[in-house]
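Okay, here's what each chain looks like letter by letter:
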Amino acid sequence: MELKVSSLAERPDMLDRVAGMANTWPKFVINDPVGDAYYPQIAAELPQYVQFAEDENGEVVAHAHSVPFALAAEGRGELPARGWDEVLLWAFADLRHGVRPDTVSAISITVAPHAQGLGLSGRMLTAMRDNARALGFNEVVAPVRPSAKHLEPRTPMEEYARRVRPDGLPHDPWLRVHARAGATVHSVAPASMAVAASLHDWRRWTGLPFDAAGDIEVPGALVPVRCEPEHGFAVYVEPNVWMRHRL
């Protein structure tokens, strides 16, 4: 597939088409409150950190979002245990207060359903790395959501993240794409995303009854969802894997 990769800073007219591209994210993932508040603001306020790919027909088939932040700022220094949520909060706090960023964090790489399996995720990761380098950064970090972890929701993430094949590359396909691009596994972010919602919402998102107390395995979830019918709520706390890309 021939691709043309651009940024929204270069092509602001493409915002609606990028935002409207079909995706396969589980519904509960896109209802994370931090993501609801800040993810749309990346395109609006940091368009140079949004790359998108068009196919030979001009259709948007993939996009990549990242954010700059100051990892070395006072009180930080380490990649946060609250992973994806925390780095979004840091990035926009830095932007609001004029703090100079020193690192870029990946936020998402999304491929249209009909274009999956063609290697576009790796190509967009390369585009993200190249963009960060062109903007003067020497590191990209990524709170990675392992693509096959949902098949083993009860396996501890630390164990899963460290599992390798005989060739030394990660067992997980998406972790492996990052490793092939030069990244190394740094740590697990045990509470990278948190979604607390009513049982009504969880039933609507998943089609499951959510009528029994305890841990519920949900399609697409990396760990079980904690269901508490007596409170009318269920809570999902997703771990991710921090990977570091030296540029």
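Above this text is the structure in question.
Residues numbered from 1 in each chain as written. Predicted model: local features only at pLDDT ≥ 70, side-chain atom pairs only at ≥ 80, totals over all residues. Heavy atoms only, no water.

Q: Please clarify how the environment of Trp-202 should be interpreted in this entry.
A: The topology assignment puts Trp-202 in helix 7 (residues 199-206). Here the alpha-carbon distance between Trp-202 and Asp-13, two residues 189 residues apart in the chain, equals 36 Å. With near-sequence residues (within four places) excluded, Trp-202 lies in contact with Phe-28, Val-195, Ala-197, Gly-207, Phe-210, Val-225, Ala-234, Val-235 and Tyr-236. (Helix = DSSP H or I, 4+ residues; strand = E, 2+ residues; numbered from the N terminus. Contact = heavy atoms within 4.5 Å.)

Q: How should the pattern of salt bridges be read in this particular structure?
A: Two side chains that carry opposite charge are able to pair once their charged atoms sit near each other. Inspection of every chain in the model, using the stated rule, returns 16 salt bridges. Between Arg-133 and Asp-130 there is a salt bridge, with its nearest N and O atoms 3.0 Å apart. Taken together, the residues span about one helical turn, with Arg-133 and Asp-130 both in helix 4 (residues 120-134) at a distance of three residues. The class of Arg-133 is partly exposed, set by a relative accessible area of 37%. Taking the shortest distance from any N to any O, the salt bridge between Arg-162 and Glu-158 comes out at 3.0 Å. By relative accessible area, Arg-162 is classed as partly exposed at 42%. Each member of the salt-bridge network shares a partner with another, and the members are Arg-11, Asp-13 and Glu-54. (Salt bridge = Lys/Arg side-chain N within 4 Å of Asp/Glu carboxyl O. Buried < 20%, exposed > 50% of the residue type's maximum accessible area, 1.4 Å probe, protein only.)

Q: What's the story with the packing of aromatic side chains in this structure? I'm lost.
A: Two measures describe an aromatic ring pair: the distance that separates the ring centres and the angle between the ring planes. A complete count under the given rule lists six aromatic pairs for this structure. Consider the rings of Trp-202 and Trp-205, whose centres lie 5.2 Å apart with planes at 70°: the pair is edge-to-face. Of this pair, Trp-202 and Trp-205 are both found in helix 7, three residues apart, which corresponds to roughly one turn of the helix. Judged by its relative accessible area of 0%, Trp-202 falls in the buried class. Members of the aromatic cluster, each reached through a chain of ring pairs, are Phe-28, Trp-202, Trp-205, Phe-210 and Tyr-236. (Phe/Tyr/Trp six-rings, centres within 6.5 Å; stacked < 30°, edge-to-face > 60°.)

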